[in-house]
Amino acid sequence: MNLTNRCTNRCSFCVRQMTDGLGGADNLWLEKEPSVEEVMKELERQRAYEYEELIFCGYGEPSIRLNDVLEISRRVKDKADIKIRMNTNGLADRIHGKRTAPMLEGLIDRVSVSLNEADAESYNELCLPEFGVSSFDSILAYIKDVKSFVQETTVSVVGCIPADHIERCRQIAAELGVGFKVR
Ligand code: SF4
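Predicted model, so just to flag it, every value in this text is computed and none were measured. (Residues numbered from 1 in each chain as written. Predicted model: local features only at pLDDT ≥ 70, side-chain atom pairs only at ≥ 80, totals over all residues. Heavy atoms only, no water.)

Enquirer: Run through the site of the ligand, naming residues and quoting values.
Expert: Cys7, Asn9, Cys11, Phe13, Cys14, Arg16, Gly60 and Asn89 make up every residue found near the ligand. A molecule is said to occupy a pocket when more than half its atoms come within 2 Å of that pocket's grid points, and by this definition the ligand occupies the largest pocket. (Near = heavy atom within 4 Å. 1 Å grid on protein atoms, 1.4 Å probe; cavity = no way out; pocket = protein on both sides within 12 Å on 5 of 7 lines; lining within 4 Å. Sits in = over half its atoms within 2 Å of the grid points.)

Quick look at the structure:
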């Protein structure tokens, strides 16, 4: 589910800069952000309740529309026993100016956080977050917090960063007690 094209980062590797579509979708650029009602209608139309998992992801940062993400999840969970994942840049607390992880409990099953770098300076250079160099520590704090409220938390990194940075990220994930994935 692609709820928004807005994002608080400008990652240099962002797939949005290379192609308009992905994974069978020709164009993921939204003319307008879909309302909750429109998303629910589309889920019905696509018989999405038969899927194993529904995922909130890009082109954009889904947690910018966190309340809508949670409302859609609530309605989906009322209809079907289906796993829901949110792929996020992990900056929801900075975006909303409050602790957001507890809001996910019982609604989001899996969270995949794009860490993408192994330290604050490198992250800032690669992802150009609007919150600046302190973003990295905010992401780590979010990962620590969110893993208490969802069934599965994974940290992901892009494969284009140096191999030793990937290994340091793997170590960070292990120390935080969450999964790890290179994408
Ligand atoms: S956080 Fe995700 S959507 Fe935002 S710029 Fe980075 S890769 Fe693109």
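Now that the structure has been shown, the text picks up again.
Enquirer: I'd love a proper account of the pairing of strand β1 (residues 53-56), names of residues and values included.
Expert: Of the two faces of β1, only one is covered, namely that formed by Leu54 and Phe56; the face formed by Glu53 and Ile55 stays uncovered. Regarding topology, helix α2 (residues 66-79) serves as the crossover connection from β1 to the parallel strand β2 (residues 83-88), and that connection is right-handed. (Buried < 20%, exposed > 50% of the residue type's maximum accessible area, 1.4 Å probe, protein only. Helix = DSSP H or I, 4+ residues; strand = E, 2+ residues; numbered from the N terminus. Right-handed = clockwise from strand over helix to strand, strands pointing away.)

Enquirer: Explain the environment of glutamate 42 to me, using residue names and the numbers behind them.
Expert: Among the secondary structure elements, glutamate 42 is positioned in helix α1 (residues 36-45). Measuring from C-alpha to C-alpha, the distance between glutamate 42 and lysine 144 comes to 34 Å, with 102 residues separating the pair along the chain.

Enquirer: Residue-level account of the side chain of asparagine 2, with values.
Expert: Position of asparagine 2 among the secondary structure elements: in the segment before α1. Within polar-contact distance, the side chain of asparagine 2 engages the backbone oxygen of leucine 28 at 2.8 Å. With residues near it in sequence (within four places) discarded, asparagine 2 still touches Leu28, Leu30, Pro34, Cys57, Gly58 and Tyr59. (Polar contact = N/O pair within 3.5 Å; in protein donor to acceptor, adjacent residues only side chain to side chain. Contact = heavy atoms within 4.5 Å.)

Enquirer: Describe the packing of α1 against α2, with residues and values.
Expert: It is the contact of α1 with α2, at a shortest axis distance of 10 Å, that shows an interaxial angle of 35 degrees. Between α1 and α2 lies a crossing whose hand is right-handed. Facing Val36, Glu37, Val39, Met40, Leu43 and Glu44 of α1, the residues of α2 in contact are Asp68, Glu71, Ile72, Arg75, Val76 and Lys79. Looking at side-chain class alone, the contact of α1 with α2 contains six nonpolar, no polar and six charged residues. (Axes fitted to C-alpha atoms, helices over the stretch in contact; angles between N-to-C directions. Left-handed = near helix turned anticlockwise from the far one by under 90°. Nonpolar A, V, L, I, M, F, W, Y, C, P; charged D, E, K, R; others polar.)

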